[in-house]
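Reading the structure
Chain by chain, the residues run as shown.
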Amino acid sequence: MAKVTVLVAVYNAAEYLSECLESLLNQTLRDIRIVCIDDCSTDNSLSLLNEYAARDERITVIHLPENHGQAYARNRGLDIAEGDFVCMLDADDWLSLDALACASEVFEKHPSTDCVLFDVMMEYPEMSVRYKMPSFDSLTGMDAFKLSLTWKIHGVYMVRTALHKRVPYDDSCRLYSDDNTTRMHYLESREIRTSTGIYHYRQHPQSATHKVSVRRFDYLKANENMKRMMCEASVSSECVAEYENHRWLNLIDVYMFYHCHAKGLDSAERKYGLSEMNRIWRTIDRKLLYRSITRKIGYRPMSFWWCFRLQEWLYFTLRGFLGRNR
């Protein structure tokens, strides 16, 4: 039985897939299993996966006959995960060759640790930028959970298999809902630590979270589901208030996406996006919003939806004239 299972959800990633898989096959930790889940790709990703699986028995390929999104795909891999630890690697990203070994060593040295964060490098075409986090030796699960609500710490990590199977990926949305699982893993953990192994997180405009797509509105539904999960877990009112403000800022951010890119969506997608933003606007608990946020133009909740829309149109139109809608 392999010590670590790596879940690789794949959808039309043929351009980057070899770099991803080579970084896994050449890990200094050899005792690993690589579960690749093809989410009904329409390019040659599946054939590439099968070629790699034929070359190395550590690779298992699962093919989904319909596209469901990365959280659903990872859960199908999690179903057959084995060993002590699990981590994920997106198909357009790659790991430093010592990443899995470094994380495993942290677990071995600290038996109470349930999640080990990788060192994340944001890989842009022209430069690499390290993800900045507060410096710490260890965090309690609750402290890590609080920091993850606004991503003061990131969500790229290795986790104990038993914990991950107990808390599988939230697959309520095609995109973004897997972030909820990260936070719940932290909340369920005894302690969180970091490692020196590097996760190289590729930033490019065609990635699922960057391209112009109706899926961007999934972010709002995923945020709503996270709040529900927090209430069910009976987290503190302070945490709920912090996250409600995060939800409000995300709604403004998604409205900017709509303002800037509505022409890239068809009429049905635009209608859906507006209705989803309207629905989420109505769910925000305005009593929890910080005055430091809502006193600003563009961030006021307003009493009527049409007033809110007018505010956002004026705000982002002005920002557009100033070249700030990026």
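Remember, predicted model here, so these are calculated numbers, not experimental data.

Describing the pattern of salt bridges
Under the defined criterion, the tally for this structure stands at 21 salt bridges. Glutamate 244 is the partner of lysine 227 in a salt bridge, and the nearest nitrogen-oxygen pair spans 3.1 Å. Highlighted residues: lysine 227 in helix α8 (residues 218–232) and glutamate 244 in helix α9 (residues 237–261), separated in sequence by 17 residues. Among the residues examined, lysine 227 registers a relative accessible area of 18% and is labelled buried. Note on glutamate 244: relative accessible area 0%, which makes it buried.

Let's talk about a positive patch on the surface
A cluster of like positive charges, contributed by Arg291, Arg295, Lys296 and Arg300, occupies part of the molecular surface. You can see arginine 295 is positioned in the loop between α11 (291–294) and α12 (305–321).

A closer look at the packing of aromatic side chains
One pass over the full model with this rule turns up 14 aromatic pairs. With a centroid separation of 5.7 Å and an interplanar angle of 70°, the aromatic rings of phenylalanine 217 and phenylalanine 257 are classed as edge-to-face. In this pair, phenylalanine 217 sits in the loop between β10 (191–202) and α8 while phenylalanine 257 sits in helix α9, placing the two residues 40 residues apart along the sequence. No difference in accessibility class separates phenylalanine 217 from phenylalanine 257, as the two residues are buried. A centroid spacing of 6.0 Å and a plane angle of 90° characterise the contact between tyrosine 255 and phenylalanine 308, whose relative ring orientation is edge-to-face. On the criterion of sequence distance, the pair formed by tyrosine 255 in helix α9 and phenylalanine 308 in helix α12 is long-range, its members being 53 residues apart. Aromatic rings pair up to connect Trp248, Tyr255, Tyr258, Trp281, Trp305 and Phe308 into one cluster. The lysine or arginine in question, arginine 74, covers the ring of tyrosine 169, its NZ or CZ lying 5.2 Å from the ring centre. Positioned above the aromatic ring of tyrosine 72 is the side chain of arginine 76, whose terminal nitrogen or guanidinium carbon lies 4.6 Å from the ring centre.

Focus on the pairing of strand β4 (residues 85–88)
Both faces of β4 are covered, namely the face carrying Phe85 and Cys87 and the face carrying Val86 and Met88. In this structure, strand β1 (residues 4–10) lies alongside β4, joined through four bridges in parallel fashion. Paired with valine 4 across the bridge in β4 is phenylalanine 85. Where β4 lies against strand β9 (residues 157–160), three bridges are found, and the strand directions are antiparallel. Counterpart to phenylalanine 85 in the pairing with β9 is arginine 160.

Considering the environment of serine 172
Here serine 172 lies in the loop between α6 (161–166) and α7 (178–188). Of the residues examined, serine 172 reaches a relative accessible area of 33% and is grouped as partly exposed. Through-space distance from the C-alpha of serine 172 to that of glycine 264 is 25 Å; in sequence the pair is 92 residues apart. Ignoring sequence-local partners within four residues, the contact set of serine 172 consists of Ser177, Lys221 and Asn225. A polar side-chain atom of serine 172 sits 2.8 Å from a polar atom in the side chain of aspartate 170.

Analysis parameters
- Residues numbered from 1 in each chain as written.
- Predicted model: local features only at pLDDT ≥ 70, side-chain atom pairs only at ≥ 80, totals over all residues.
- Heavy atoms only, no water.
- Salt bridge = Lys/Arg side-chain N within 4 Å of Asp/Glu carboxyl O.
- Helix = DSSP H or I, 4+ residues; strand = E, 2+ residues; numbered from the N terminus.
- Buried < 20%, exposed > 50% of the residue type's maximum accessible area, 1.4 Å probe, protein only.
- Patch = residues over 30% accessible without salt bridge, like charges linked within 9 Å, V, L, I, M, F, W, Y side chains within 5 Å.
- Areas by Shrake-Rupley, 256 points an atom, 1.4 Å probe, with all protein chains shown as cover.
- Lys, Arg positive; Asp, Glu negative; His and termini not counted.
- Charge placed at Lys NZ, Arg CZ, Asp CG, Glu CD.
- Phe/Tyr/Trp six-rings, centres within 6.5 Å; stacked < 30°, edge-to-face > 60°.
- Lys NZ or Arg CZ within 6 Å of the ring centre and 35° of its normal.
- Pairing = 2+ DSSP bridges.
- Contact = heavy atoms within 4.5 Å.
- Polar contact = N/O pair within 3.5 Å; in protein donor to acceptor, adjacent residues only side chain to side chain.

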